[in-house]
Amino acid sequence: MTISPLSRVAAAEFAPEVTYLNTSSWGLLPRRTIAAVKALADENAVGRRTGAGSFDAVEAARVGFARLAGVHPDRVATGSSVTVHVGLIAASLPAGAEVLAPEGEFTSVVSPFALRGDLRMRYVPLADLADAVRPTTALVAFSSVQSADGRVAGLAAVRAAAAAHGARTLLDATQSAGWFPLDAGAYDYTVTGGFKYLLCPRGTSFLTVTEEAQATLPNLFAGWVAAGAPWTGNYGPLERVAPGARGFDEPPAFLSYHGAEHSLALLAEIGTEALYAHATGLAARLRAGLVERGHEVVPGESAIVSVPGLDHREPELAKAGIAVSTPAGNLRISCHLYNTEADVDRVLEVLG
C-alpha cells in the first residue's frame, strides 16, 4: 500500500486524542510548531533571548503566507487579529461610503464598519452578492468560505462585479486559507486569521494590500515595528513607516510567530492542491453519507459540512470523542489534513 506524502506528514506531526473535526474553530498545532514555541518559552524563562523573540521568525512567517497567498511578501502585513486588520480598513473609508456584505457574515468582517456609525451598510444573501454591487458601492466585504455553514462564495463573480462598478474588495480567508487556493492579489485587501486552517498559534493574522490600496490606508496603529528595521524606531514620532505593507505591521506576539513559521512551512511541503483534494474529498464522503441517512446538508464542495438544525446532536458526538461545533444552529463538521476516512465514518456511525 502506497502512503501519500500528506498522510506521512499527518502521521508525523499530529496525534489527536479525539476524532478532531473542528478546524473551523481552531486548528491542531503540528509537533514542529509546538517545539518552536516551547523552545522560545524556555529561552525567555532563563533570559537567553534578546527582545523576547526573533523578527527573523516573523519574516519567515510573512514569506510563508505570501507564498501560500500568491503575492510578494511586500504585500503582507503581520498582526494579531482579523478584527484589527478590518478596523484599519474601516478607518480608511470616507463618511457615507457604502459597504456591501453577505447576510450572516462573521462579525469581525462587518462590525468595524457597522459600528463606525457614519457608513452605509447593506446586507444581501450570499448568493446575490455579485448582483447587488452597484455604482454607489465603495467596498464589498465578505468571506471566501462562510464561517456559519461552510458555503463558498462566488469569488470570480464578485470580483468582476466590483471591478465593473469601481468598488474595492475585502476578502476574509480565515475559513479557507490552508485548504482552498488563495489568490490574494485579486483583491484590494485580504485578512486571514492564522489559528484555523493555517495551523498557527492564536495571535497570528495576515493582511494583504495591493499597492494602490496601500496609499489609502491610514497609519492608525503605527508603532515602533512599523518603522521596518527592528529597534530603529523606538523613541519619538516616526518620520516615516516602512514601504509596502510592512508599514502596517503590529508588534508581533513572538511565541505565536515562532510557531507560525513552522506551520506555514508544513503546509508548503504538502501544497494547496493536495490539501484541497484531501479535505474536500473527505467532506464529500461525509456529505453523501449524511444524505443517505436522511439529513439535509448544506450543498457545495467545501471542506466544511453543515447540517442545519442538527446542533442538538453535538453532545452525543462529544460523548463519543468526536469534536465538532454548532454555530448558528448548524452542526458544523470541518475536515483538514489530519483527518481520515475513518474519522468521517465514525461520525456517520454515531449519527446513523
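The model shown is predicted, which means the values in this text are computed figures rather than measured ones. Every chain is numbered on its own, with residues counted from 1 as its sequence reads. Whole-chain, interface and lining totals are the exception, using all residues; otherwise, since this is a predicted model, local features are given only for residues with pLDDT of at least 70 and side-chain atom pairs are given and counted only at 80 or more. Each side-chain value is derived from all of the structure's non-hydrogen atoms; neither hydrogens nor water enter the calculation.

Visitor: It is not clear to me how the sheet that holds strand 5 (residues 137-143) should be interpreted in this structure. Could you clarify?
Guide: To summarise the sheet geometry, strands pair through backbone hydrogen bonds and adopt either a parallel or an antiparallel arrangement. With mixed pairing, seven strands are arranged side by side in an open sheet as 2-8-7-6-5-3-4. Edge positions in the sheet fall to strand 2 (76-79) and strand 4 (120-124), since each of these pairs with one other strand and no more. Shown here is a sheet whose adjacent strand axes are inclined to one another by a mean of 20 degrees, direction ignored. Strand pairing is assigned whenever DSSP detects at least two bridges linking the two strands. Going along the chain from the N terminus, every DSSP run of H or I of four or more residues is numbered as a helix, and every run of E of two or more is numbered as a strand. Sheet analysis places strand 7 (residues 189-193) next to strand 8 (residues 205-209), joined by five bridges and oriented antiparallel. The residue of strand 8 that forms the bridge with Thr-192 is Phe-206. A fitted line through C-alpha atoms represents every axis, and for helices the fit uses only the stretch in contact; the resulting angles, taken between N-to-C directions, go from 0 to 180 degrees.

Visitor: How should I be thinking about the state of the cysteines in this particular structure?
Guide: When the sulfur atoms of two cysteines share a covalent bond, that bond is a disulfide. Our working definition of a disulfide is a cysteine sulfur pair at a distance within 2.5 Å. Under the defined criterion, the tally for this structure stands at zero disulfides. We note that Cys-200 lacks a disulfide partner, and the nearest cysteine sulfur, in Cys-335, lies 20 Å from it. Relative accessibility thresholds used throughout: buried, under 20% of the residue-type maximum; exposed, over 50%; partly exposed, between the two (1.4 Å probe, protein chains only). Overall, Cys-200 belongs to the buried group, its relative accessible area being 2%. Judged by relative accessible area, Cys-335 falls into the buried class, the value being 0%.

Visitor: Would you mind going over the UniProt feature "domain: Aminotransferase class V" (unreviewed entry) in the protein chain with me for this structure?
Guide: UniProt positions are given in the numbering used here, feature names are shortened, and annotations may be inferred rather than shown by experiment. Here, UniProt's "domain: Aminotransferase class V" (unreviewed entry) annotation points to residues 56-347. Structurally, residues 56-347 is divided into 35% helix and 16% strand, and its ends, taken at the C-alpha atoms, are 42 Å apart.

Visitor: How should the nonpolar core be read in this particular structure?
Guide: Soluble globular proteins tend to bury their nonpolar side chains together. Grouped together as the largest cluster of nonpolar side chains are 60 residues, with contacts concentrated most on Val-140, Phe-142, Leu-182, Leu-198 and Leu-337. Of all the secondary-structure elements, those providing two or more residues to this core are helix 1 (5-13), helix 3 (55-69), helix 6 (129-132), strand 5, helix 7 (155-165), helix 9 (254-270) and helix 10 (272-292). When near neighbours in sequence (up to four residues on either side) are disregarded, Phe-142 contacts Pro-102, Glu-105, Val-109, Leu-129, Ala-153, Leu-155, Val-158, Leu-170, Leu-171, Asp-172 and Tyr-187. Only buried residues count toward a nonpolar core. Its members are Ala, Val, Leu, Ile, Met, Phe, Trp, Tyr and Cys residues joined through side-chain atoms within 4.5 Å. What makes two residues a contact is simply this: any of their non-hydrogen atoms within 4.5 Å.

Visitor: I keep staring at the pattern of salt bridges and nothing clicks. Help me out?
Guide: Any two side chains of opposite charge can pair if their charged atoms end up close together. Salt bridge, as applied in this entry: a Lys or Arg side-chain nitrogen positioned within 4 Å of an Asp or Glu carboxyl oxygen. For the structure on display, the rule yields 18 salt bridges. We note a salt bridge from Arg-62 to Asp-249, for which the minimum N-O separation is 2.7 Å. One end of the pair, Arg-62, is in helix 3; the other, Asp-249, is in the loop between helix 8 (211-214) and helix 9, with 187 residues separating them in the sequence. Of the residues examined, Arg-62 reaches a relative accessible area of 3% and is grouped as buried. Residue class for Asp-249 comes out buried when judged on its relative accessible area of 6%. For Arg-313, the salt bridge identified is with Glu-316, shortest N-O distance 2.7 Å. Judged by its relative accessible area of 36%, Glu-316 falls in the partly exposed class.

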